[in-house]
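Structural overview
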Amino acid sequence: GGIITQTPKFLIGQEGQKLTLKCQQNFNHDTMYWYRQDSGKGLRLIYYSITENDLQKGDLSEGYDASREKKSSFSLTVTSAQKNEMAVFLCASSMDRGQDTQYFGPGTRLLVL
Amino acid sequence: AQSVTQPDARVTVSEGASLQLRCKYSYSATPYLFWYVQYPRQGLQLLLKYYSGDPVVQGVNSFEAEFSKSNSSFHLQKASVHWSDSAVYFCALSRTGGYKVVFGSGTRLLVSP
């Protein structure tokens, strides 16, 4: 089996700061995803990537950048952290398309002071 | 556009009782449907998925779900719950050939002793 690793586990930032979250997978999956999870709102797609160096915007991409320089890694940048923002960012990977099972990392918890 | 609605934000059942978590979807064709579970401080894990065939699909840990095209529903069921089933459950949908997965807002299940 494989694993998805997200770093850091916790991220505390200041308003206006640029913050980067990292995700690594060893499944050799083609597709990777970044989701934002807010309490009571489920998961919202920020960015996804279907192969190395590919980036596709999700429904919540404004305020975020992403990068997929290697097949195994997918990073997300919060371009300007918003004061009092609190959310969990989940990374996932799947073999190919949406009908394939997604495998999730444990998440990065963000708090902006 | 496709959407997923989980009408119950929280459900409490007694240990040993039966369970049904509701999921309604909106999509013009037959979608891929999923149920995922999220235990505290973990990512999501797949319970089961459905695309075609027998409308009752079996999953891990004795969970099953029933697809109804006429009702646009995919309810999750379990005959007898255990305290360890306490978690957040997400229903999700993907269209054929697409990469995006749309998640519902989740149902938090609490199993009381």
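Throughout what follows, the structure given in this document is the object of discussion. Treat the numbers as computed from the prediction; the structure is a model and nothing was measured.

Take unusual backbone geometry next. Cis geometry marks the peptide bond from Thr7(A) to Pro8(A), where omega comes out at -10°. Tracing the sequence through the fold places Pro8(A) in the loop between strand E1 (4-7) and strand E2 (10-13). Within the chain, Arg41(B) stands out as a residue other than glycine whose phi angle is a positive 60°. Summarising the element assignment, Arg41(B) is placed in the loop between strand E5 (32-38) and strand E6 (44-50). According to the relative accessible area criterion, Arg41(B) is exposed, its value standing at 60%.

Bringing the environment of Val56(B) into the picture now. Residues and elements named next belong to chain B. With respect to the helices and strands, Val56 occurs in strand E7 (residues 56-58). Judged by relative accessible area, which is 26%, Val56 ranks as partly exposed. Placed 15 residues apart in sequence, Val56 and Arg41 show a C-alpha to C-alpha distance of 30 Å. In contact with Val56, other than residues within four places in its own chain, are Glu64, Ala65 and Glu66.

Attention now goes to the side chain of Glu85(A). Residues and elements named next belong to chain A. Mapped onto the fold, Glu85 is located in the loop between strand E8 (73-78) and strand E9 (86-94). Judged by its relative accessible area of 10%, Glu85 falls in the buried class. Aside from chain neighbours lying at most four places away, what touches Glu85 is Arg36, Tyr64, Leu110, Leu111 and Val112.

Before going further, it helps to spend a moment on the environment of Met86(A). Residues and elements named next belong to chain A. With respect to the element layout, Met86 can be found in strand E9. Along the backbone, Met86 and Leu11 are 75 residues apart, and their C-alpha atoms lie at a distance of 10.0 Å. Setting aside its immediate chain neighbours within four residues, Met86 contacts Arg36, Asp38, Leu110 and Leu111.

A separate point is the state of the cysteines. Residue and element names in this part refer to chain A. Under the definition given, this model contains two disulfides over all chains. The side chain of Cys23 participates in a disulfide bridge whose partner is Cys91; the two sulfur atoms lie 1.9 Å from each other. On the sign convention where negative is left-handed, the bridge of Cys23 and Cys91, at about -75° about the S-S bond, is left-handed. With a gap of 68 residues between them, Cys23 in strand E3 (residues 19-25) and Cys91 in strand E9 connect regions that are remote in the sequence.

Each partner contributes residues to the interface: chain B has 21 residues there, and chain A has 26 residues. Buried area between chain B and chain A, summed over both chains or domains, comes out near 1900 Å², and the portion from carbon and sulfur atoms is 54%. Here Asp59(A) ties to Lys100(B) by a salt bridge, and the two come within 3.9 Å at their closest N and O atoms. No other element matches the four residues that E5(B) contributes to the side of chain B that touches chain A. Counted by class, the side of chain B that touches chain A contains nine nonpolar, eight polar and four charged residues.

One finds Leu19(B), Trp35(B), Leu47(B), Leu48(B), Phe74(B), Leu76(B) and Tyr89(B) to be the most contacted residues of the largest nonpolar core, which totals 27 residues. Elements that contribute at least two residues to this core include exactly strand E2 (10-14), strand E3 (19-21), E5, E6, strand E8 (64-68), strand E9 (73-78), strand E10 (87-94) and strand E12 (107-112) of chain B. The dominant element in this core, judged by the number of residues it contributes, is E10(B), at four residues. With residues up to four places along the chain from it excluded, the contact list for Tyr89(B) reads Gln6(B), Leu21(B), Trp35(B), Tyr36(B), Val37(B), Leu47(B), Phe63(B), Leu76(B), Gly106(B), Thr107(B) and Leu109(B). Membership of the second largest hydrophobic core comes to 20 residues, among which are Trp34(A), Ala81(A), Phe89(A) and Cys91(A).

What counts, and where the lines are drawn
Residues numbered from 1 in each chain as written. Chains lettered and ligands numbered in written order. Predicted model: local features only at pLDDT ≥ 70, side-chain atom pairs only at ≥ 80, totals over all residues. Heavy atoms only, no water. Helix = DSSP H or I, 4+ residues; strand = E, 2+ residues; numbered from the N terminus. Buried < 20%, exposed > 50% of the residue type's maximum accessible area, 1.4 Å probe, protein only. Contact = heavy atoms within 4.5 Å. Disulfide = S-S within 2.5 Å. Buried area = accessible area lost by both parts, 1.4 Å probe. Salt bridge = Lys/Arg side-chain N within 4 Å of Asp/Glu carboxyl O. Nonpolar A, V, L, I, M, F, W, Y, C, P; charged D, E, K, R; others polar. Core = buried A, V, L, I, M, F, W, Y, C linked by side-chain atoms within 4.5 Å.

Don't take any of this as a statement about function, it's just geometry.
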